[in-house]
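Here is how the chains run, residue by residue.
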Amino acid sequence: MAAVIVSIIPSASTALLGLGMFLLIITFLRRQRSTLGHVRGPPTKSWLLGHEYDLNRQEEVGDLEFKWLREYGATWKIGDFLGTDGLMTADPKALQHIFQKAGANYVKKPSQNHVGWLITGPGIIWSQGEAHVRHRKIMSPAFSNARLRSFLPLFQRMSSKLAEKWKGELLNTDVVELFMDTWLSRATLDTIGEAAFDYDYRALDDAGESILAKEYHGIFKDTGFMVPKAALVFRATWDYLPQPILNMFKYIPADPFTRLRRLNNVFTTYGKDILRQTLAEIDAGRSASTNDMMNVLIRANASSDAKMRLSDEELLAEMFTLTFAGHETTTTALTFLLYELARRPDYQNRLRKDIREARGRVKARGDSDFTVEDLDSIPTLVNAIKESLRMHPGGAMVPRVAAKDDVLPLAFPIISTTGEVITEVPVKKGHTIIASFAAYQRIPEVWGENADAFDPDRFLHIDAAKQTNVGVYANLITFSAGPNACIGWRFSIIEQQAFLAELIDTFQFFLPEGTDPQHTEVVRAPSGPAMVPMIRGKPELGSGLRLRIAFAPA
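The present account deals with the structure reproduced in this document. (Residues numbered from 1 in each chain as written. Predicted model: local features only at pLDDT ≥ 70, side-chain atom pairs only at ≥ 80, totals over all residues. Heavy atoms only, no water.)

**Quick look at the environment of Phe179**
The criterion, for reference: Strands are runs of DSSP state E lasting at least two residues, helices are runs of H or I lasting at least four, and both sets are numbered from the N terminus onward. Here the term buried applies to any residue with accessible area under 20% of the maximum for its type, exposed to any over 50%, and partly exposed to those in between, with areas from a 1.4 Å probe on protein chains only. Contacts: residue pairs with any heavy atoms within 4.5 Å of one another.
Examined against the element boundaries, Phe179 turns out to sit in strand β4 (residues 176-179). Judged by its relative accessible area of 39%, Phe179 falls in the partly exposed class. Once the C-alpha coordinates of Phe179 and Ser543 are considered, the two residues, 364 residues apart in sequence, prove to be 9.7 Å apart. Apart from residues no more than four positions distant in its own chain, Phe179 is found in contact with Gly544, Leu545 and Arg546.

Right under this line is the structure:
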């Protein structure tokens, strides 16, 4: 045994020495190519981690980025791993360049992309380049405008079902306190199940007994919140490892890998059953009138050129992606929106009044419920959704790596370390650029002097023609931009409109008793690529946002 231990020690030492030399060589090569020395930015506390640890440990998303935005302008230098320089930007022209005009030149970091693979498998979130084009081409028919608008009755039925559940909670009391994110997650999980697969996940009916709902709840907090330094260093090495080795990490017997593997296993059980049923219906010719996304996707896949088709593994990954992104996006957006409306009862009351007046017009013409056009015609409703997406983007920052030398144009010039005005920033191949979605959506020159305040009425005055075209919706970048923009953003918007119209019409929303609207208990905690609502100073309680509800006055 002693001989074995002695033989292992030199091997381990050699491996560590080799790894150290490898990282030093990478550091040397990257530093030789840095062109960011003249760009100002915050001092780096850690040579090893740069600012990654600081960003991960913020109490609230934006604490650092908003401070840096005010101090350095819309573009600044930050510390990357191993003492190298990175760039963070909120500049609209730079974002337009990165995600639209030169999108092929800015690729996902391997470490970032592998997280997508661990969560959903080899689907559209993971794919890049030609593979992404292939995935998006097959999926696009399922996301046509006409098809998405046809889901409105489903959204209305599910929002009514959620309202009935909440009415039950109010049966013997005037006011009840509920976790908004938990309830909304169940409702949107059932919604995407039916819309995407014509399948009932029963998350609302089974409530706490739904296995899939349990596994999804808190997934971002469990896998990306307060990541230890050692884990950040480990993840940084992924950028230099071949894909076959990265794929093996899935089986590491420790969190977050076990947590992700458990979620994958649960969904795979559902996914294979759904896929088997859908394929059987198509083979039997019974699917021609079926409206669900998966049916459309499979038929589009079958009619494509053989080289463009998705494999069964990729189809399963798309199912996972539809379920994961299709309900998490809307859950987060609605949770924070109801929170903002609870903080501002005056706007909540205006919105309720406008919804009821619009509903009166619908009934006057002989219809029973809103159309998409009706919902679009309620400015307070549309603008509340826009403003919440602006204040609370689900993904606060997105890293990209320059695939070749390039120059980033700036809409807002910055001042160099020597006092010169910089209107563009040269970047070298391999440079990491972090796009701060959260900071872009707080720039006063774009959104007004009160950019840090929740004010839906700002959208009544913004002249979009004077803005740099960045995002796919209201010039926000919450849904990303360009060829990689969220394929389901319209689905989410229509769903949010339907749920909000039903819930605000039926209920009043209040902050927990004793809460100061200006200093609430809720924080937007950074959790990997996302933000989650948490109670300030109590991370042990997990993710959650509590509000009180009562029946809205007639």
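There's more to say after this.
**With respect to the pattern of salt bridges**
Heads up, the rule is: Each salt bridge in this description consists of a side-chain nitrogen of Lys or Arg and a carboxyl oxygen of Asp or Glu lying within 4 Å of one another.
Counting across every chain of the model gives 30 salt bridges. Across the salt bridge formed by Glu59 and Arg536, the nearest N and O atoms sit 3.1 Å from each other. Of this pair, Glu59 sits in the loop between α2 (52-56) and α3 (63-72) while Arg536 sits in the loop between β11 (530-535) and β12 (546-551), and the two are 477 residues apart along the sequence. In this structure, Glu340 and Arg344 form a salt bridge, with 2.6 Å as the shortest nitrogen-oxygen distance. Look at Glu340 and you get buried, because its relative accessible area is 2%. Each of the salt bridges in this network shares a partner with another, and the network as a whole consists of Lys161, Lys165, Arg202, Asp205 and Asp206.

**Quick word on the sheet that holds β12**
Hydrogen bonds along the backbone pair up the strands of a sheet, which may run parallel or antiparallel. Going by this rule: Note on pairing: DSSP must find at least two bridges between two strands before they are called paired. Axes, fitted as lines to C-alpha atoms, cover a helix only where it is in contact. Angles between the N-to-C directions of the axes lie from 0 to 180 degrees.
Taken in spatial order, the three strands line up as β4-β12-β9 in an open sheet, and their pairing is antiparallel. Every interior strand has two partners, whereas the edge strands, β4 and β9 (507-510), have only one. With strand direction ignored, the average angle separating the axes of adjacent strands in the sheet is 40 degrees. Summarising the sheet, β9 and β12 pair through four bridges and their orientation is antiparallel. Bridge pairing in β12 links Phe510 to Arg548. The strands touched by helix α8 (residues 152-169) within the sheet are β4, β9 and β12, with β9 carrying the most contacts at an inclination of about 70 degrees.

**Digging into unusual backbone geometry**
The peptide bond linking Asp255 to Pro256 adopts the cis configuration, its omega dihedral lying at 10 degrees. With respect to the element layout, Pro256 can be found in the loop between α14 (243-248) and α15 (257-283). Backbone geometry places Ser480, a non-glycine residue, at a positive phi of 65 degrees. Within the secondary structure, Ser480 is located in the loop between α22 (444-447) and α23 (489-506). Its relative accessible area of 11% is what places Ser480 among the buried residues.

**Comments concerning the pairing of strand β2 (residues 85-89)**
Summarising burial for β2: four of the five residues are buried, a large majority. Bridge analysis of strand β1 (residues 75-79) against β2 gives five bridges, and the strand direction is antiparallel. Across the sheet, the residue bridging to Trp76 is Met88, located in β2. Remark: five residues form the turn of the hairpin made by β1 and β2, two consecutive strands paired antiparallel; Leu82 in that turn has positive phi of roughly 60 degrees. Note: β2 against strand β8 (residues 432-436), three bridges, orientation parallel. What sits directly across from Met88, in β8, is Ile434.

**Thoughts on the sheet that holds strand β5 (residues 397-402)**
The five strands lie next to each other as β1-β2-β8-β5-β3, forming an open sheet whose pairing is mixed. Edge positions in the sheet fall to β1 and β3 (106-107), since each of these pairs with one other strand and no more. Here α3 sits on the sheet and contacts β1, β2, β5 and β8; the angle it forms with β1, its principal contact strand, is near 125 degrees.

**Describing the packing of helix α18 (residues 345-364) against α23**
In plain terms, the rule: Each angle is binned into one of four classes, with values under 35 degrees roughly parallel, values over 145 roughly antiparallel, values of 65 to 115 roughly perpendicular, and all other values oblique.
Contact geometry of α18 with α23 gives a least axis separation of 9 Å together with a crossing angle of 105 degrees. Accordingly, the angle class assigned to the pair α18 and α23 is roughly perpendicular. Taken together, the residues of α23 that come into contact with α18 (itself represented by Gln348, Leu351, Arg352, Ile355, Arg356 and Arg359) are Leu500, Ala501, Glu502, Ile504 and Asp505.

**Concerning the packing of aromatic side chains**
In plain terms, the rule: Two rings from Phe, Tyr or Trp (for Trp, the six-membered ring) form a pair when their centres are within 6.5 Å of each other. A pair whose planes differ by under 30 degrees is stacked, one over 60 is edge-to-face, and the rest are tilted. Whether a charge sits over a ring comes down to the Lys NZ or Arg CZ being within 6 Å of the ring centre and within 35 degrees of the ring normal.
Per the stated rule, a full pass over the model turns up 21 aromatic pairs. Ring centres of Trp238 and Phe257 lie 6.3 Å apart, and the angle between their planes is 45 degrees; on these two criteria the pair is classed as tilted. With Trp238 in the loop between α13 (229-236) and α14 and Phe257 in helix α15, this residue pair connects regions lying 19 residues apart in the sequence. For the pair Trp447 and Phe459, a centre-to-centre distance of 6.1 Å together with 55 degrees between the ring planes defines the contact as tilted. On the criterion of sequence distance, the pair formed by Trp447 in helix α22 and Phe459 in the loop between α22 and α23 is long-range, its members being twelve residues apart. For Trp447, a relative accessible area of 2% gives the class buried. Taken together, the aromatic side chains of Trp166, Phe507, Phe509 and Phe551 make up a single cluster linked through ring pairs. The ring of Tyr53 carries Lys229 above its face, with NZ or CZ at 4.8 Å from the centroid. It is Lys250 that lies over the ring of Trp117; its NZ or CZ is 5.6 Å from the centre.

**Details of the pairing of strand β6 (residues 406-415)**
Sheet analysis places β6 next to strand β7 (residues 421-427), joined by six bridges and oriented antiparallel. What sits directly across from Val407, in β7, is Pro426. Linking β6 back to β7 in an antiparallel pair, the connection comprises five residues, with Gly419 at a positive phi of about 90 degrees.

**Here we look at the side chain of Glu328**
What counts is decided by this rule: Charge convention: Lys and Arg are scored as positive, Asp and Glu as negative, and His as well as the terminal groups of each chain are ignored.
In this fold, Glu328 is placed in helix α17 (residues 312-343). Although Glu328 is buried, it makes no salt bridge; Arg259 carries the closest opposite charge, 8.3 Å away. Here Glu328 is in contact with Tyr216, Ile219 and Phe220, once residues within four sequence places are set aside.

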